[in-house]
Structure formats: C-alpha cells, structure tokens
Amino acid sequence: MDQAVSRALAILEALAQSGAPLRLARLTEQVGLQKSTTHRILQSLIELGYVEQEADTGRYAPSLKLWELGSAVVVEHPVKRAAASYLHALHKQTGETVSLLVRAGDDVLYLERLVSPRPVRFSARPGSRAAALLTSGGRAMLAADPDARAVVERTAEALRDRRSIDIEAALSELAEIRARGYAISRDTPGVVSLGCALPVRVGQAAISVSAPSERLGDGGEARIADALLSTCAALGDTIGAI
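Just so we're clear, the structure is a prediction, and the values are computed from it rather than from any experiment.

1. What about the pattern of salt bridges?
Phase 1: Under the counting rule described, the total for this entry stands at 13 salt bridges.
Phase 2: Note that D187 and R139 form a salt bridge whose closest N and O atoms lie 2.4 Å from each other. Here D187 is found in the loop between strand 6 (183–185) and strand 7 (191–198), whereas its partner R139 is found in helix 6 (residues 136–142), with 48 residues between them in sequence.
Phase 3: D187 gets classed as partly exposed once you look at its relative accessible area, which sits at 35%.
Phase 4: When the shortest N-O distance is used, the salt bridge between E157 and R160 registers 3.4 Å.
Phase 5: Exposure remark for E157: the relative accessible area of 45% places this residue in the partly exposed category.

Encoded structure:
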C-alpha cells in the first residue's frame, strides 16, 4: 500500500467524520502522524481543493469537493436507482421513515433516507455508517450471511467498551429473522425499526422502516411489516440481476 495515499485518505476520513473543523494538533493526534507530516499533507489537499482552512481560527475542514465525488458515486449506485420509486411508494404507504442500506464489511451504509412528516430523532443519515448488528436492515442482511457468527464476534469485540453483546443470543435472533423474513429492532428507546434484505447478487442491501412505538398502536407493526415485505418482493424482480 502506498504510504502517502493512505496517510492522505486517513486525514480526509478524520476530517469528514469529525463533525466540525479540527485544529492541527487534534487532527495529528487522531491520525497518529507527526505534526509536520500532517501539515504537509494538508497543504497538498488544500491545493487540490479537498480541504479548506478557516482564516480566523486556522482549523481544517473537508471541502464540498468530497461531497461532489460522493454524490456522483451514490447517484449512480444501481440499487439506489432501482429502488427509488419503491422507497417513495413505501414511504407514502406507511407515513414513516424509510431507509435504504448496503453492507460495507461488518457495517452498513445508509444510501437513502426518506423522513416521516412526523419524524422522531434519528442519528442515521445518508452517508452514515453503523454496525450491521445494531440496525434492523443490517440484521436482516446478516441473517442470510453464512459467516454471520464471525461478524457478530468481531462486532462484539469492537464494541465491548460501549455495550455488551451476547453472541449466542444474537445468533439465535438471526435464526428467527430468517424464519420470519424480516428483522425487528428496538435498540433506540421509543423507536421500532423493521428491516428486510433485498436479493442483490453483488454485495447486500436492505430496506428498513422506522417509527415511534407510540404511533404504531394495535396492528401497526404488522401493517408495516406487510408493506415492507411486499415492497421487497416487488423490488426483487427489478434488482435480482444487479
């Protein structure tokens, strides 16, 4: 691996994920490089238009050129293009927040999110990443993965300082998801999320519907599950060859 490229990408990733502009000292600490090396790479990234420096504070932030590149990739993503009309129809039918996710190793990436007219607070947004095991869509995809145990074990190890994951209980839940055809997550207090995997040949994808528990009422969860499963089945013929 080219060291210069990997270092530049590490800096871009740190800036993009920080949520706010960073000072040189803080960025250096995050990427584990010497201050002089980080500064030199930043100057090159500024010249190329990928990083901007605030004139008043000296802090660094990613430029919109990164958004430009990412948007171009997402817009042309075959699953996103194929699923667009189905997502809007499901959003209209349920009146709740609908998301399109894809697998990225042990994580999921949100490609699209159509927010309910009566939204609750969600942390995920298009472009955000989460452990697959912690999302309904991710669990639906893991349920069909023959290497699910390895993913669950790695996730449990990676998150052990933040939360305790019972590996056997997680695997048992994945077996239930396979039998039921969709996943249910109540990890976020007051929110229910249902996820269904899509039949994609290359990689994995899923759709989820999230709603506040209080809004579902009697039969609400079953109603959303039926709509979700119908959407995934209808979409299957469209993206089965992707």
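2. Regarding the nonpolar core
Phase 1: Among the nonpolar cores identified, the biggest contains 28 residues, and L87, L90, L100, L194, L198, I207 and L228 are the most heavily contacted of them.
Phase 2: Here this core takes seven residues from helix 10 (residues 220–239), the largest share from any one element.
Phase 3: For L90, the residues in contact, after removing those within four places along its chain, are G95, V98, I207, V209, A227, L228 and T231.
Phase 4: With 23 residues, the next largest nonpolar core counts V108, A131, L171 and A206 among its residues.

3. Some remarks on the sheet that holds strand 5 (residues 129–131)
Phase 1: Pairing in this open sheet of six strands is antiparallel, and the strands run 5-4-3-8-7-6 from one edge to the other. Whereas interior strands pair on both sides, the edge strands pair on one side only; in this sheet they are strand 5 and strand 6. Neighbouring strand axes in the sheet, compared pairwise and without regard to direction, differ in orientation by 30° on average.
Phase 2: Relative to strand 7, strand 6 is paired through three bridges, and the arrangement is antiparallel. Residue pairing across strands places A183 opposite G195, the latter belonging to strand 7.

Calculation notes
Residues numbered from 1 in each chain as written. Predicted model: local features only at pLDDT ≥ 70, side-chain atom pairs only at ≥ 80, totals over all residues. Heavy atoms only, no water. Salt bridge = Lys/Arg side-chain N within 4 Å of Asp/Glu carboxyl O. Helix = DSSP H or I, 4+ residues; strand = E, 2+ residues; numbered from the N terminus. Buried < 20%, exposed > 50% of the residue type's maximum accessible area, 1.4 Å probe, protein only. Core = buried A, V, L, I, M, F, W, Y, C linked by side-chain atoms within 4.5 Å. Contact = heavy atoms within 4.5 Å. Pairing = 2+ DSSP bridges. Axes fitted to C-alpha atoms, helices over the stretch in contact; angles between N-to-C directions.

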